[in-house]
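Topology and contacts: notes
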Amino acid sequence: MKLVCSNDRFEYDTYLLVKEFWPKEEIGRQAAGSDALFADEIKAGEEAVLSCRYDNCRTVIAYTPDEAMQYEFPIEEGLSEKEYRNAHMRNLYRGLCAITGQKLPWGNLTGVRPVKPARQMILSGASEEEVLDFYKKTRFVSNEKSSLALEIAKREAGILQRLDPVKGYSLYIGIPFCPTRCLYCSFLSNPIAKWQNRVVEYLSCIEKELAFTKKAFAGRKIDTIYIGGGTPTALSEDELQVLMNLIDGFLSDEDRKNLLEFTVEAGRPDSITAGKLRILKKAGVGRISVNPQTMNEETLKRIGRAHSVEETVKAFYLAREEGFENINMDLILGLPGEGIREVEHTLSEIEKLAPDSLTVHSLAIKRSALMKDWLKEQGNGGKQAWEDGSAKEGKGLLAGHDLMTDMAAAAYASAARLGLNPYYLYRQKNIAGNLENVGFAREDLYGIYNILMMEEVQSIVALGAGTVSKRVLSEKEISRCDTAKDIGLYMDGIDEMIRRKEELFCR
Ligand code: SF4
C-alpha cells in the first residue's frame, strides 16, 4: 500500500497510526509534503493508496483498493499548533475506522508508553474522571484500556513517590548470551557456546564500566540494579560468581542498605542450577525471573526454546527452595499455533506454581527475529492466519485480533486469580492484536526497575554490549547514549563506550 500525506510535519505520526490499522502491510511512503491524491484521482485496480490531506479547515482521508472511499472531517478555527495537530490526528483515526470498519483498543495512541499521559495528569492534579475523558474522548481508547491505564498510572505514581528522580539512579547490566536463540527473539542474544572463550574478557569490560560508574555517581543513591540480556544465568557458576563479586565491590555498605531492588533475569529454565541460584541469593539478589513463555511442549519446540515444561517447573521450585520469594514468570500470547485452549492450559499450570509476578506479552515480531524468515518458510500460512484469524482453534500459525483479545482477557483474569495487580504496561511495534504487554505483581513486590524504564523518570546507567543509558534531568529533558551491539566491537572499543557515558553523565 502507498501512503500519501500532504503535510510533512504530520507524515510520521500518520504513518504510525496507519501501520496500527494495517500491521502486516508493507507501507510505501510518498515523499512528505507532496500533494495528497484524492480518491477520484486514483485509478481503480492500481496499488492500494491511502491519501491524507490536512488543510486548515478540514481533514480528507481517501482510500482505494479497487473502489474509492473518501471521508472528510472539519477542523475548527483558531486552534493552537498543538490543538491543530491533535484535531487532524483525531480525524485521521475516524477516517481509518470508517475505511477499515475497525476500532483500535488504544485508539490513536501510537507510542510505546500509553500510561505516561495518565501518570502525568495525575501528578498535575487531574481527577480520575478527567484522565478517563482524555483517553476515551480525545484519544478514542476503549473503556477497558482507559481504566487499565488509569489503574496502572495510580499505582506507578505511588511507587515512584519513594524514589528521588534527580539524585537517585539505577544500574542495568546486559549479559548478551543465551543457551540458544529463540525464534521470536529480538534482543541482543548470542549462543554462549560461540563466545565461551571471550566471556572472561566481557566481564572485565563490565568491571571497567563499573569502575567508571562508581566514580561518576559517587555520592548518589542507587535505587535498583537489573541484570538482563540475554540470559545472565547462561554464564557458568564461576562466571556468575565473578559478576556478583564485581557488583559486591561496586556497592558501598550504604548502597547495600538503601538498595530497593536487585533483579536478575534468570529467564531460560535450561540455564538455571541450584549452584547459580545460591550464588545469586548470597549476592543479595531478591527478584528473579523464570520464564516459561508457554507451558505447551509442542510450542516450546516450535519456538526454539530448547527446554521442556518440566524444566520450567523444576527451576521454579528450585528457586523457591533456595529462598527466592519474588519470582516473576513471563508469558507470550500469540505464539505460533497457539489458541485459547493452549493459553488456558499454560495459565492453569502457572496458577499451580503461583509466581509473585506475571508479565504477559503479546507477540511482536521484529525485523531481527528469526521468526520473520521462519514464517515465510511456512508458506502463506503465517500471513493468512493474521488476516483471517484462522488460528481460532489453534490450527493457524498466528492469532488474529479477536483471538488475541480473548487470550489477553484469559491471562488478565488468571493474574487476578493469583492476586496480582497490573503495575506497568508498554506497547511495541507490530504487536499482535494491537494489544500491550502488562506486568502484574503482588502488592509490594512490584518491579520498580520496570516502571523506571518505561516511565523514564530516573537516570539509568546501562553497562554491556547493545545497551542504552539514559540521563533524565526532567521528564522533558532526557539524553541517551548507546554501546555497540556487536560484542566484539563493544569489547574492542570499551574505552570509547566509557567515553560516551562520560560525555552523557559528566558534562
Ligand atoms: S532467552 Fe530471551 S534473550 Fe535469550 S534468545 Fe530467548 S528470548 Fe532472546
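What comes next concerns the included structure. (Residues numbered from 1 in each chain as written. Predicted model: local features only at pLDDT ≥ 70, side-chain atom pairs only at ≥ 80, totals over all residues.)

In the segment running from Gly 229 into Gly 230, the intervening peptide bond is cis, with an omega of 15°. Structurally, Gly 230 can be placed in the loop between β9 (221-229) and α8 (237-250). We note that Gln 293 has phi near 65°; this positive angle belongs to a residue other than glycine. You can see Gln 293 is positioned in the loop between β11 (287-290) and α11 (297-302). (Helix = DSSP H or I, 4+ residues; strand = E, 2+ residues; numbered from the N terminus.)

Here we come to the pairing of β11. Along β11, one buried face is formed by Arg 287 and Ser 289 and the opposite face, lined by Ile 288 and Val 290, is buried too. Taken together, the three bridges between strand β10 (residues 261-267) and β11 define a ladder with parallel strand orientation. What sits directly across from Thr 263, in β11, is Arg 287. One crossover worth recording links β10 to the parallel β11 by way of helix α10 (residues 274-282), and it is right-handed. As judged from the two bridges shared by β11 and strand β12 (residues 327-333), these two strands associate in the parallel manner. Looking at the pairing, Ile 288 lines up with Ile 327 of β12. (Buried ≥ 20, exposed ≤ 12 C-beta atoms within 10 Å, placed from the backbone. Pairing = 2+ DSSP bridges. Right-handed = clockwise from strand over helix to strand, strands pointing away.)

Axis separation between α8 and α10 bottoms out at 10 Å; the angle between their running directions is 5°. Considered as vectors, α8 and α10 are oriented roughly parallel to each other. For the pair α8 and α10, contact is made by Glu 237, Leu 240, Gln 241 and Met 244 and by Gly 275, Lys 276 and Ile 279, respectively. Class assignment of the residues belonging to the contact of α8 with α10 gives a composition of three nonpolar, two polar and two charged. (Axes fitted to C-alpha atoms, helices over the stretch in contact; angles between N-to-C directions. Parallel < 35°, antiparallel > 145°, perpendicular 65-115°, else oblique. Contact = placed C-beta atoms within 7 Å. Nonpolar A, V, L, I, M, F, W, Y, C, P; charged D, E, K, R; others polar.)

Purely geometric numbers; function is a separate question.
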